[in-house]
Amino acid sequence: MRHTKVKELLNSASTLPEVNAKGWVRTFRNNQFIALNDGSTINNIQCVVDFENTPDEILKRITTGASVSVTGALVESKGAGQKYEIQVANLEILGDSDPEKFPMQPKKHSMEFLRENAHLRVRTNAFGAIMRVRSVLSFAVHSYFQEKGFVYVNTPIITGSDAEGAGEMFKVTALSFDKTPRTEDGKVNYKEDFFGKETNLTVSGQLEGETFAMALGQIYTFGPTFRAENSNTSRHLAEFWMIEPEVAFNDLNDNMDLAEEFIQYVIKYALEKCPEDLKFLEARLLDEEKSKPQAERSEMALLDKLDFVLKNNFKRVSYTEAIDILRNCTPNKKKKFNYIINEWGADLQSEHERYLVEKHFKCPVILFDYPANIKAFYMRLNDNTAPGKETVRAMDILFPGIGEIVGGSQREERFDVLIEKMKALNIDEQELSWYLDTRRFGSAVHSGFGLGFERLVLFVTGMTNIRDVIPFPRTPGSAEF
Ligand code: 4AD
Ligand code: MG
């Protein structure tokens, strides 16, 4: 007999004379009630064991974490909380779990303990819910872009370029550390390396993505990206997943429209497909916040917050306006910020971004037209800006509780202007000659953005640390599993 998923059993239209379920024991109460979970839903199915007619040796092996197969009638449950339960006629222990040793006890564990046990934490309610929501959000990403006719492009993981020009890259090499080949001037001789040149893990698929947008019109990437930045924060990972659409003939306004519509689509999708998981996560967040001072608690419950993002336009504000707001705000005047905003040109820190979103506007914000010298080389220089006050057509989307969730821009499509910029920043033209070909041959206005997938999952699940929304987090000093 084939086993039926717990989700299907709980949603059954009627009682059934005989069903089989397989899963892992969450709890076993009174020598009688198994709460069985198989990962198909947050809900367990209650399996009622006829303990009087079950040998003691078997009863003793029904422990938290054990995998079992139960067969019996699906009957209406007398207990509160579930419509159906299984009246167990036959129970088989598939895999024992020593209750003295199994780390995931049915009690509250600290987040740190769960991170150390990332291979087992997925057996808890919270992590099961998070991972199902993450999966649904991934599908929603593809669904949105595929419905709109975007082409999915797999940009390389190993690359020779530094797309962001920030130099925070993991090197990829097959050279031996013991016998590193050197050039005459003592530098590492990458000509002898696997690819015959210096290579690294990609920090962004954008540059390769642009070349495809200039042929296929609208493309998106969705893949892993790597950053060797030593940021030990609750918002940074060394390995994270990024979604990068790139669209020919879109200007910055079109780009903002696309980002806003896309984010609202995927959130709506998750709300529709994961109501039970999100309800559970909402309750989890409420519970977590009970231990926080009132001022640090969210103003809205999780589902209200998600609904709010769907129903309200993102507020679009220029960098210049934002600086005026920040310069004159109370925390700046009272020197409460770690970085005081004195003048135009300052780079915004996450404390400033969160002030704008959480305290000032109280809704998602799109900041645009940033000073040229705090943004990447490929961004479109605005026409008619005063010397020393040059701005670029950049946009960052800031979310409550998250800070920056999206970074994007209209791209510099003018060959001469782009070359000037690269020269000024000492970026090797030869190395990026292939990228410059997009501007040499049939250049056109185009725009795109990158959305950090884990930051989206953080927002939707109401989790507060990015390490808890990716299966096996990689952060400075930690690459377990
Ligand atoms: O702002 P970033 O660096 O932009 C780019 O990489 C552009 N090439 C994107 C583009 O225009 N195609 O990164 C984009 C987003 C950020 O807004 C953030 O959400 C996420 O990627 N991100 C990270 N997420 C987790 N951990 C990190 N270390 C991240 N760094 C960036
Ligand atoms: Mg950014």
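Our structure is the block above this text.
Reading guide: rules and limits
Residues numbered from 1 in each chain as written. Chains lettered and ligands numbered in written order. Predicted model: local features only at pLDDT ≥ 70, side-chain atom pairs only at ≥ 80, totals over all residues. Heavy atoms only, no water. Helix = DSSP H or I, 4+ residues; strand = E, 2+ residues; numbered from the N terminus. Contact = heavy atoms within 4.5 Å. Polar contact = N/O pair within 3.5 Å; in protein donor to acceptor, adjacent residues only side chain to side chain. Phe/Tyr/Trp six-rings, centres within 6.5 Å; stacked < 30°, edge-to-face > 60°. Buried < 20%, exposed > 50% of the residue type's maximum accessible area, 1.4 Å probe, protein only. 1 Å grid on protein atoms, 1.4 Å probe; cavity = no way out; pocket = protein on both sides within 12 Å on 5 of 7 lines; lining within 4 Å. Points joined across faces, edges and corners; volume = space filled by probe spheres on them. Nonpolar A, V, L, I, M, F, W, Y, C, P; charged D, E, K, R; others polar. Axes fitted to C-alpha atoms, helices over the stretch in contact; angles between N-to-C directions. Parallel < 35°, antiparallel > 145°, perpendicular 65-115°, else oblique. Left-handed = near helix turned anticlockwise from the far one by under 90°. Near = heavy atom within 4 Å. Areas by Shrake-Rupley, 256 points an atom, 1.4 Å probe, with all protein chains shown as cover. Sits in = over half its atoms within 2 Å of the grid points.

## Here we look at the environment of S298
Inference 1: Mapped onto the elements, S298 comes out in the loop between helix 8 (275-289) and helix 9 (302-311).
Inference 2: S298 sits 102 residues away from P400 along the chain, and the two C-alpha atoms are 9.4 Å apart.
Inference 3: In contact with S298, other than residues within four places in its own chain, are L285 and E289.
Inference 4: Polar contacts involving the side chain of S298 include one to the side chain of E289, which spans 2.6 Å.

## Digging into the packing of aromatic side chains
Inference 1: Applying the stated rule across the entire model yields 22 aromatic pairs.
Inference 2: Residues Y152 and Y220 carry aromatic rings whose centres are separated by 5.1 Å and whose planes lie at 25° to one another, so their mutual orientation is stacked. Of this pair, Y152 sits in strand 6 (residues 151-152) while Y220 sits in strand 10 (residues 218-226), and the two are 68 residues apart along the sequence.
Inference 3: Assessed through its relative accessible area of 0%, Y220 is described here as buried.
Inference 4: Ring plane angle 90° and centroid distance 6.0 Å describe the contact between F222 and W241, whose orientation is recorded as edge-to-face. Residue F222 is located in strand 10, and its partner W241 is located in strand 11 (residues 239-248); the two are separated by 19 residues in the primary sequence.
Inference 5: The partly exposed category is assigned to W241, whose relative accessible area is 31%.

## Thoughts on the layout of surface pockets
Once rolled over the atoms, a probe with the size of a water molecule shows which space is left empty.
Inference 1: Size it by volume and the largest pocket reaches roughly 1400 Å³.
Inference 2: As for the largest pocket, its lining consists of 50 residues, of which R227, E229, K375, D396 and E404 are closest to the centre.
Inference 3: Those elements that provide at least two residues to the lining of the largest pocket are strand 11, helix 12 (350-361), strand 15 (403-410), strand 16 (446-452) and helix 15 (453-461).
Inference 4: Top element by residues in the lining of the largest pocket is strand 15. It accounts for five residues.
Inference 5: Each residue belonging to the lining of the largest pocket can be placed in one class, and the counts come to 20 nonpolar, 14 polar and 16 charged.
Inference 6: Size it by volume and the second largest pocket reaches roughly 930 Å³.
Inference 7: As for the second largest pocket, its lining consists of 31 residues, and the residues nearest its centre are R297, S298, R354, E358 and G401.
Inference 8: Of all the elements in the fold, those that place two or more residues in the lining of the second largest pocket are helix 8, helix 9, helix 12 and helix 15.
Inference 9: At six residues, the largest contribution of residues to the lining of the second largest pocket is made by helix 12.

## Regarding the packing of helix 5 (residues 125-147) against helix 7 (residues 252-273)
Inference 1: Relative orientation of the contacting elements helix 5 and helix 7 amounts to 130°, with a least axis distance of 9 Å. Overall, the two elements helix 5 and helix 7 adopt an arrangement that is oblique. The two elements helix 5 and helix 7 meet at a crossing, and its hand is right-handed. Contact residues: V136, L137, F139, A140, V141, S143, Y144, F145 and E147 in helix 5; L258, E261, F262, Y265, V266, Y269, A270 and K273 in helix 7.

## Re the site of ligand 1
Inference 1: Close to ligand 1 lie 24 residues, the nearest being E164, Q206, R227, E244 and E404.
Inference 2: In this structure, a nitrogen atom belonging to ligand 1 sits 2.8 Å away from a side-chain N or O atom of E229.
Inference 3: Within the backbone of L237, a nitrogen or oxygen atom sits 2.9 Å from a nitrogen atom of ligand 1.
Inference 4: When isolated, ligand 1 has an accessible area of 630 Å², and the protein chains bury 93% of it.
Inference 5: One can see that ligand 1 is located within the largest pocket.

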